[in-house]
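Here is how the chains run, residue by residue.
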There are 4 protein chains.
Amino acid sequence: MRYFKSDNTAAVCPPVLAALSAANDGASLPYGADSWSARLDAVLAEFFGTRVKAFTVVSGTAANSLALATMCPPWDTVLTHRESHIEHDECGTPEFFTGGAKLSLIEGEQAKVSVAAFGERLAWFEDHVHGVQPKALSITQATERGAIYTSAEVLALAELAHARGMALHMDGARFANAVVALDCHPGDITWRAGVDVLSLGVIKNGGMNAEALVFFPDSAAAATFPTDAVSQFEYRRKRGGHLVCKGRYMAAQVLAYIESGVWRRNAERANRLAQRIGVAAGTRLTAPVATNQVFVKLGVAQIAAMLDAGFAFYPWGPASAGEARFVVSWDTADADVDALCAALAGN
Amino acid sequence: MRYFKSDNTAAVCPPVLAALSAANDGASLPYGADSWSARLDAVLAEFFGTRVKAFTVVSGTAANSLALATMCPPWDTVLTHRESHIEHDECGTPEFFTGGAKLSLIEGEQAKVSVAAFGERLAWFEDHVHGVQPKALSITQATERGAIYTSAEVLALAELAHARGMALHMDGARFANAVVALDCHPGDITWRAGVDVLSLGVIKNGGMNAEALVFFPDSAAAATFPTDAVSQFEYRRKRGGHLVCKGRYMAAQVLAYIESGVWRRNAERANRLAQRIGVAAGTRLTAPVATNQVFVKLGVAQIAAMLDAGFAFYPWGPASAGEARFVVSWDTADADVDALCAALAGN
Amino acid sequence: MRYFKSDNTAAVCPPVLAALSAANDGASLPYGADSWSARLDAVLAEFFGTRVKAFTVVSGTAANSLALATMCPPWDTVLTHRESHIEHDECGTPEFFTGGAKLSLIEGEQAKVSVAAFGERLAWFEDHVHGVQPKALSITQATERGAIYTSAEVLALAELAHARGMALHMDGARFANAVVALDCHPGDITWRAGVDVLSLGVIKNGGMNAEALVFFPDSAAAATFPTDAVSQFEYRRKRGGHLVCKGRYMAAQVLAYIESGVWRRNAERANRLAQRIGVAAGTRLTAPVATNQVFVKLGVAQIAAMLDAGFAFYPWGPASAGEARFVVSWDTADADVDALCAALAGN
Amino acid sequence: MRYFKSDNTAAVCPPVLAALSAANDGASLPYGADSWSARLDAVLAEFFGTRVKAFTVVSGTAANSLALATMCPPWDTVLTHRESHIEHDECGTPEFFTGGAKLSLIEGEQAKVSVAAFGERLAWFEDHVHGVQPKALSITQATERGAIYTSAEVLALAELAHARGMALHMDGARFANAVVALDCHPGDITWRAGVDVLSLGVIKNGGMNAEALVFFPDSAAAATFPTDAVSQFEYRRKRGGHLVCKGRYMAAQVLAYIESGVWRRNAERANRLAQRIGVAAGTRLTAPVATNQVFVKLGVAQIAAMLDAGFAFYPWGPASAGEARFVVSWDTADADVDALCAALAGN
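Please read these numbers as outputs of a predicted model, since none were measured by experiment.

> Whenever I open this one, the pattern of salt bridges confuses me. Can you help?
When charged atoms on two side chains of opposite charge get close, those side chains can pair. Across all of its chains, the model carries 64 salt bridges over all chains by this definition. The shortest N-O distance in the salt bridge between B:K112 and B:E153 comes to 3.0 Å. One end of the pair, B:K112, is in the loop between β4 (102-106) and α6 (115-122); the other, B:E153, is in helix α7 (residues 151-163), with 41 residues separating them in the sequence. Each of A:E83, A:R145 and A:E323 takes part in one network of salt bridges that share partners.

> In this structure, what is going on with the environment of C:Q141? I would like to understand it.
Residue and element names in this part refer to chain C. Relative to the helices and strands, Q141 is located in the loop between β5 (134-140) and α7 (151-163). Taking relative accessible area as the criterion, Q141 reaches 0% and is therefore assigned buried. For the pair formed by Q141 and I203, sequence separation is 62 residues and the distance between their alpha carbons is 15 Å. Aside from chain neighbours lying at most four places away, what touches Q141 is A147, I148, Y149, M170, D171, G172, A173, R174, F175, A178, L182 and I189.

> What exactly am I supposed to notice about the relation of the copies chain B and chain A here?
Relating the two copies of this chain is a rotation about some axis coupled with a shift parallel to it. Mapping chain B onto chain A calls for a rotation angle of 180 degrees and an axial translation of 0.0 Å; the resulting RMSD is 0.0 Å. The superposition of one copy onto the other is thereby described by a two-fold rotation axis. In terms of proximity to the rotation axis, the leading residue of chain B is B:G240, whose C-alpha is 3.4 Å off the axis. When the interface residues of chain B are mapped onto chain A, 98% of them again fall at the interface, so both copies present the same face.

> How should I be thinking about the pairing of strand β8 (residues 211-215) of chain A in this particular structure?
Strand residues, when the strand is regular, have side chains that alternate between the two faces of the sheet. Residues and elements named next belong to chain A. The element β8 is extensively covered by neighbouring structure, given that five of its five residues are classed as buried. As judged from the five bridges shared by strand β2 (residues 53-57) and β8, these two strands associate in the antiparallel manner. Each residue of the ladder has a partner; that of K53, found in β8, is F215. Bridge count between strand β7 (residues 197-199) and β8: three bridges; the pairing is antiparallel. Its bridge partner being in β8, S199 is matched across the sheet by L213.

> How should the interface of chain B and chain A be read in this particular structure?
One widely used convention gives an interface's size as the accessible area the parts lose upon coming together. Facing 47 residues of chain B, the contacting portion of chain A comprises 46 residues. In terms of surface lost to chain A, no three residues of chain B exceed B:F96, B:R239 and B:K246, which account for 19% of the buried area on that side. Applying the counting criterion to the chain B and chain A interface returns zero salt bridges. Taken together, the elements giving at least two residues each to the side of chain B that touches chain A come down to α1 (14-23), α3 (60-71), α5 (93-98), α9 (229-239) and α10 (248-259) of chain B.

> Is there a simple way to think about the sheet that holds strand β9 (residues 293-297) of chain D in this case?
In a beta sheet, neighbouring strands are held together by backbone hydrogen bonds and run either parallel or antiparallel to one another. Residues and elements named next belong to chain D. Taken in spatial order, the three strands make up an open sheet running β9-β12-β11, and their pairing is antiparallel. Edge positions in the open sheet fall to β9 and β11 (314-316), since each of these has one partner strand only. The sheet shows a mean angle of 35 degrees between the axes of neighbouring strands, taken without regard to direction. One ladder, built from five bridges, connects β9 with strand β12 (residues 323-327); its direction is antiparallel. Across the sheet, the residue bridging to F295 is R325, located in β12.

> Just to check I follow, could you spell out the sheet that holds strand β8 (residues 211-215) of chain C for this structure?
All names here are of chain C. Taken in spatial order, the seven strands of this open sheet run β2-β8-β7-β6-β5-β3-β4, and their pairing is mixed. The outermost strands of the open sheet, each flanked by one partner alone, are β2 (53-57) and β4 (102-106). With direction set aside, neighbouring strand axes in the sheet form an average angle of 20 degrees. Against the sheet, helix α9 (residues 229-239) touches β2 and β8, its axis set at about 10 degrees to β2.

> Please explain the side chain of B:S199 as it appears in this structure.
All names here are of chain B. Among the secondary structure elements, S199 is positioned in strand β7 (residues 197-199). Within the structure, S199 has its side chain in polar contact with the side chain of H169 (distance 3.0 Å). Discounting chain neighbours no more than four positions away, the residues touching S199 are A63, N64, H169, M170, D171, G172, A173, A212 and L213.

Rules and cut-offs
Residues numbered from 1 in each chain as written. Chains lettered and ligands numbered in written order. Predicted model: local features only at pLDDT ≥ 70, side-chain atom pairs only at ≥ 80, totals over all residues. Heavy atoms only, no water. Salt bridge = Lys/Arg side-chain N within 4 Å of Asp/Glu carboxyl O. Helix = DSSP H or I, 4+ residues; strand = E, 2+ residues; numbered from the N terminus. Buried < 20%, exposed > 50% of the residue type's maximum accessible area, 1.4 Å probe, protein only. Contact = heavy atoms within 4.5 Å. Least-squares fit on C-alpha atoms with pLDDT ≥ 70 in both. Pairing = 2+ DSSP bridges. Buried area = accessible area lost by both parts, 1.4 Å probe. Axes fitted to C-alpha atoms, helices over the stretch in contact; angles between N-to-C directions. Polar contact = N/O pair within 3.5 Å; in protein donor to acceptor, adjacent residues only side chain to side chain.

Set out below in structure tokens:
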């Protein structure tokens, strides 16, 4: 099988795996009182160019939901795109961690939230006790349809959110791929653009089971964000069963991912291979290739044929649409990409 | 520092670490659809000598709470010892995962639940809509005070629980140490003694961040346990953010832990070293040394002196009691135990 | 002021008020163990022509949410119209009582769920652990836009729901008005049409603070509805603080409402007056007048003028749309309707 | 039957019933925007002699739980007596409304929390992320065993609570009976003694289905109580399904109860009759009669005989204890008390 289903089929990249062995040396205090965890904030502050408060958790789903719980009380709502991972793929995890807050959905091309659509959705809410109030906006970078938000686009959303007293969360599922694609500084599309909390996105791009949730106290939202959100976070994480015992193996993954620079190398390679697939797909692309996801209109018969031929990927959207998604991982073999390109070109 | 605070300060044992590297080979389907996860039930069935349905999670706290949530509706209660980890050390995680079920507390020496105390606590509940109903009993093996339940003791509790329509959960925080201490088969103190669900206890005894939750469909409780508890479990785990993406690295830890036999070797060594400390403590022991935990009445001044001397351990109970707990890990150095024994003997 | 804001501005109708005084005679067992509560099931069974299990609660919001909680686990979803009361006007109460289940929204004219739109929405859900599963459909009779579902329409929705393993809830906010408008038997648009649970709708049509939630064990959904839903309901209600102490005053309201026939008389009068308003509105009606709600396109200026003139009503939808809703209560004065008709005719 | 089971078997007292009829006059804005609700704060401010913010709900259980939810986050704990109503008789309602906070239990004679026992229980909690933190103390006035807290006793508890950053809730289940028994001002045992929130206790003493929850912003706890607790309350109440539609009938009950002075007259009568029963019970009293509850050691046989003789009351505690509780309501017939006294004297 040649895997293009998702970047979560990938293995762990060498620097991260090596960091686990390196950390495996004698006794160490548990629950984040170790020396690896102690360096986390400083390393990520350097990475982002601003003060941060960071926490590790074991899944992006947990990171997203714990973040949203700090932003939105149970009787309020988080706005997000209808195709977002938090709505479509997390089985109600945000609702669990927020204590039953709603997700209120926004439509838009390429799973992207536009300022116009966000504003229109906001008009639906009335400021009275009979309805939930919007308290957070969550966007995905890159989106579930492979699109990216520029720093200007993020900032425009942040300004509208903050003006309404809402906080801005970024699900950085493919954050590194977006940074590479935009050729920008990690701070440009986060705190400098008004992001209050970021799910960093480590696992898909080479990690094992550590994600980092990053709070930016100096984002433009400082005025509206609950002041005790960060201090509450520790309790929320513990209570979710996500404060893992041997914390050094969590922090070590994130440190290695950032400090070795592998975050960039892995994303660059995956994006580059995706571009090759995009060229092979040609006019059948349903959207320009921005990161490591490629969406192609193949037709129902072609999808069936390629699955039969040993390519593992997901048909996307309604089966009748005949659209396919191909995702490249940091460790996708060149030969697999060659084969895919050949198969696409031959069609 | 010489660490005797807890076995969670230990590193990862070699077979488990090696298994992570071995699993790091190419693409693999995510979310438990990998070949390692596929073997989990069979390997644990062999280990326990009965059919099982097992799931991995990243912490004992998550394992316990997810287990209890399958046993107890939000409007009912779990009985447990007042000193149990689920009551004292999990910051309300069981309440979170059950949706607000109560923990109703039982007193008893050495953090152990006796049949008499369990029966007495049960008498408190009236079968009407105004009060919570008891739906589960949770016991810890070995207890938070280092005691162990014999298979006869477990069975007696299970029979009373099942007669009342309750399920029995065992928090196997130091399960391997108890099996070794009792020199019994793992099945003897679990399903054969009426345990319905077990938190296996991998991390303290040499794992990295994988615990296993084990359901025993053939325990004596089959009649009273909710029939859809196991099928619901997958949704509960996902919704808790605990269905990790790259599942192979979870299952691989548990498989290596069991199949290499390291579970036994690690526990044997830790128990043996604890016996040495017990001998050194002599009549100051506040309870016989059963597993890898040692409780010693040192006095307030002695505790302070030993902390100053570089021994890292916890005073236990009220500070004025002058009691200390020493826990031996699988990787505690012989030299550290030598030093501790000398210090204790010298006092 | 002449009130056309909502039928919840109405007073309590005489038979219901008289029933409270009649019940105020000496001691009576609390929490539903009184003789009024004891008659509730039989009286409603007679009313609906089938076995029922009924419970009183103090608000329609509580009735709806408790009903949905019996139908949908926390990790699943309830489908409903985007303009439904449970989505738009209950501030997350369904999410609270279900423990965080989602509401998944359906679009449609006049706040009505069509079979086609329901089927299309269902296609969105995939049967895997990563997404919530649809477990209930909730429709409002009459809808928030004044439309009614015929028995054939309800049945078609029920059949699709039941085929998918979902239960059907009807929010009978203006149930009596719908029965009168359809000139049908109460059973025709409930259990005979596949409704599993009904929020009866007493308060708007003349009650004080008692609603009834009615389970229909003999609806077509018997096979898919959780078998212990009804038995759990008592615990859910208690735990929501909705098992009121002096239960006789709750049951007495519902009994009087049904047995006196005032449910029909009140609805008939309100519907009749609404028809008069509809005639006065003429071609400006945005939908035919079916029950006691009238939607009229007045224009922004006209709305302002009529509010100034002492008519109390809600502009409906976006302010720029210039649409108004007028609701007639059982006790709206003829003179107020005369005045409204004159004002509309004069425009 | 002669009812001494509980004061919740009583009817509604005339001033309250009359107030419902008086309020039944024409249209009125819903959801607390009526003129009765508008007067609630002022009338209760006058009653207590301080600023208040008050809300009506339909049950004492809802009042208590909503109050606790404003004081205690989901990951923390409320301290209370083991025999308290919130622990023993509310089926987990506090856990539901708090989102899963714990109740941590305190022992003590007559269901009363002493400063010593409170302090001892506090010592159990450690200030770290692994355990819940104490955030509120809830006491019952009068207690479930008929005892009362003097203003000095309340203040001593409040001072300890506030010093620890905890808020103080009083479940005023039989608040009027306590005020009468203590012959004090209602403010003396509430805000002047450091109570932050009071469940007023209307229904047992003559109301129908309206309780009032009273926040005291000027209690001594102003510094530690969450600043947005009161503003959140409106959302919490709505979301619990407890913001009833026709709010005038809620407020009217509480206004009539206070303004007519019936709160005092009813309590005086009930207390006086209880004193007579106490005299008849003589040395068999297990505690002095303080309010309208009488606890008598009758023996198992005597209890059975009196139940057979048509006295309706509860055996209290373990059946083998042979203790009985007799509660007098505002409307208990003199003849019933005569008969009970005779029966007790004859034994």
